[in-house]
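Structure at a glance
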2 protein chains.
Amino acid sequence: MAKDMTLLWGSGSPPCWRVMIALEEKNLQGYNSKLLSFDKMEHKSQEVLDINPRGQVPAFKHGNVVVNESYAACFYLESKFKTQGTKLIPDSPEDQALVYQRMFEGLTFYDKLTKVIFYEWYVPKEERHDSAVKRNLENLVAELKLWEGYLQKLGSDTYLAGPSFTLADVVVGPTVAFLFRFGLSAERYPKLGEYYARLKERPSMKASWPPHWLEDPKGQDTLKDI
Amino acid sequence: MAKDMTLLWGSGSPPCWRVMIALEEKNLQGYNSKLLSFDKMEHKSQEVLDINPRGQVPAFKHGNVVVNESYAACFYLESKFKTQGTKLIPDSPEDQALVYQRMFEGLTFYDKLTKVIFYEWYVPKEERHDSAVKRNLENLVAELKLWEGYLQKLGSDTYLAGPSFTLADVVVGPTVAFLFRFGLSAERYPKLGEYYARLKERPSMKASWPPHWLEDPKGQDTLKDI
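Residues numbered from 1 in each chain as written. Chains lettered and ligands numbered in written order. Predicted model: local features only at pLDDT ≥ 70, side-chain atom pairs only at ≥ 80, totals over all residues. Heavy atoms only, no water.

1. Quick notes on the sheet that holds strand β4 (residues 65-66) of chain B
Residue and element names in this part refer to chain B. As summarised here, the arrangement of the four strands in space is β2-β1-β3-β4, forming an open sheet in which the pairing is mixed. Both outer strands of the open sheet, β2 (32-36) and β4, are each paired with one neighbouring strand and no more. In this sheet, strand β3 (residues 59-62) lies alongside strand β1 (residues 5-10) in antiparallel orientation, the contact comprising four bridges. Residue Leu7 lies in a different strand from β3, and its bridge partner there is Phe60. (Pairing = 2+ DSSP bridges. Helix = DSSP H or I, 4+ residues; strand = E, 2+ residues; numbered from the N terminus.)

2. Some details on the packing of helix α1 (residues 14-25) of chain A against helix α7 (residues 167-181) of chain A
Residue and element names in this part refer to chain A. Running from N to C, α1 and α7 point in directions that differ by 130°, and their axes come no closer than 8 Å. Our classification of the angle between α1 and α7 gives oblique. Every pair of crossing elements has a handedness; the one defined by α1 and α7 is right-handed. Within the contact between the two elements, α1 uses Pro14, Trp17, Arg18, Ile21 and Ala22 and α7 uses Val170, Val171, Pro174, Ala177 and Phe178. (Axes fitted to C-alpha atoms, helices over the stretch in contact; angles between N-to-C directions. Parallel < 35°, antiparallel > 145°, perpendicular 65-115°, else oblique. Left-handed = near helix turned anticlockwise from the far one by under 90°. Contact = heavy atoms within 4.5 Å.)

3. As for the nonpolar core
Ranked by internal contacts, the top residues of the largest apolar core, which has 146 residues, are A:Phe75, A:Met103, A:Leu223, B:Phe75, B:Met103 and B:Leu223. Here B:Leu223 is in contact with B:Leu113, B:Val116, B:Ile117, B:Leu140, B:Leu179, B:Phe182, B:Gly183 and B:Leu184, once residues within four sequence places are set aside. (Core = buried A, V, L, I, M, F, W, Y, C linked by side-chain atoms within 4.5 Å. Buried < 20%, exposed > 50% of the residue type's maximum accessible area, 1.4 Å probe, protein only.)

4. Topic: unusual backbone geometry
With omega at 5°, the peptide bond leading from A:Val57 into A:Pro58 counts as cis. Its location among the elements puts A:Pro58 in the loop between α2 (46-51) and β3 (59-62). The residue A:Asp157 is not glycine, and still its phi comes out positive at about 50°. The topology assignment puts A:Asp157 in the loop between α6 (130-154) and α7. At B:Asn27, a residue that is not glycine, the phi angle is positive and equals roughly 55°. Secondary-structure assignment places B:Asn27 in the loop between α1 (14-25) and β2. B:Asn27 gets classed as partly exposed once you look at its relative accessible area, which sits at 47%.

5. Focus on the UniProt feature "domain: GST N-terminal" (unreviewed entry) in chain A
Here the UniProt-annotated "domain: GST N-terminal" (unreviewed entry) positions come out as residues 3-85 of chain A. A helix fraction of 35% and a strand fraction of 20% characterise residues 3-85 of chain A, whose end C-alpha atoms lie 17 Å from each other. (UniProt positions renumbered as here; feature names shortened; annotations may be inferred.)

6. Side note on the packing of aromatic side chains
The geometry of an aromatic ring pair comes down to the distance between the two centres and the angle between the two planes. Residues and elements named next belong to chain B. This model, assessed by the stated rule, comprises 40 aromatic pairs over all chains. For the pair Phe75 and Tyr100, a centre-to-centre distance of 6.1 Å together with 40° between the ring planes defines the contact as tilted. Placement of the pair is Phe75 in helix α3 (residues 70-80) and Tyr100 in helix α4 (residues 93-117), with a sequence separation of 25 residues. The pair formed by Phe75 and Tyr100 is uniform in burial state, with each residue classed as buried. Geometry around Tyr150 places Arg102 over its ring, the cationic atom sitting 3.5 Å from the centre. (Phe/Tyr/Trp six-rings, centres within 6.5 Å; stacked < 30°, edge-to-face > 60°. Lys NZ or Arg CZ within 6 Å of the ring centre and 35° of its normal.)

7. What to know about the relation of the copies chain A and chain B
Take chain A, turn it by 180°, move it 0.0 Å along the axis, and it overlays chain B with an RMSD of 0.0 Å. The relationship between the two copies is best expressed as a two-fold rotation axis. Among all C-alpha atoms of chain A, that of A:Glu127 lies closest to the rotation axis, at 3.7 Å. Most of the interface of chain A is mirrored in chain B: 100% of its interface residues are interface residues there too. (Least-squares fit on C-alpha atoms with pLDDT ≥ 70 in both.)

8. Examining the pairing of β2(B)
Residue and element names in this part refer to chain B. In this structure, β1 lies alongside β2, joined through five bridges in parallel fashion. Across the sheet, the residue bridging to Leu7 is Ser33, located in β2. Taking the sense of rotation as the criterion, the β-α-β connection linking β1, α1 and β2 turns out right-handed. (Right-handed = clockwise from strand over helix to strand, strands pointing away.)

Shown next as structure tokens:
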């Protein structure tokens, strides 16, 4: 039981979700978990600011160790609990290379996704342009083709860096779940579709599935035609 | 001599610079180094595409291992050459936590910097807004205050995660160098100024200093009043 750990999080925040998946994979259930409301601006509360001066979630603490950046928390957890639960970083540097490469490409993937699905949230009304919307969509499509190709190359029943579930899946998994939540077509992107189907069955993903998605399983259709 | 390594890079690209610093710190001089011209669009050449399908630099290869994302390459090099040169990731997970935390905050720092200094390069003319320019500048100032505070807390003669030079310095160092290249005032940000002075003396930074900065040591004054 991970009683000396605290995670403050928001439902459906991909960075929070990454940390929750890592905690599940490392068998670190039973941590102090507090779901905050973005609507009520609870991520700007003193409770968050005490851990994360940026006023953002995740805000994560293990004993006296504070690691709020989702990738940082994942690296820390894998290092601290190396022999516990799923091994998320392979031993050989050669195998690590692909895990790292996909992890960091995953940041670009996430950026290109959010620029499309959260455009109106990020960009004030008077600064919005159809030309930007069009370009963001084209960039996302190009990105999707890259990942579809990566999965294609790895064959069937694969994770992002090969047959084992790794830190690459921990950090990119939520991005893929968001794609399909926002209507991506598994017919147009069959490899991403297969990968998503496998992800959904992963116990760590199930245990950390965004609560408001469970309440309202119907997503949006923003991406259905891309 | 790192004859089995190839790095394709562009002068003054912070992601390329990160990899070059890591190579120097790990005593991996003598790799195949090819400086490409962004003006001539050489980063879109077949030579780059053969290593990096995104058509971006850095494009980095070690034997059959390809790692193009700068953070991924840094993690790979530290893991592969763990006992060679500078130890860039400390042994204990508790010490690692701060290194990781600053590394990943470093991506936000870099993003906020580039949104100011490369605004006209990133945003097409008809999509530019004074309100966005103003907001980006405010975001950068808030970010600078955070980092100034981090350094303040660590005392004098410090690196970003304490007394040792780590992967946090490798990846954030170029961002700090860019700040001062674009005119940041060491009087207004004395801790960042001290840190930059220390960085400039680091042999790995000197050996990888952008060639076009050497040719033309005078930078710009974009940030002088912030």
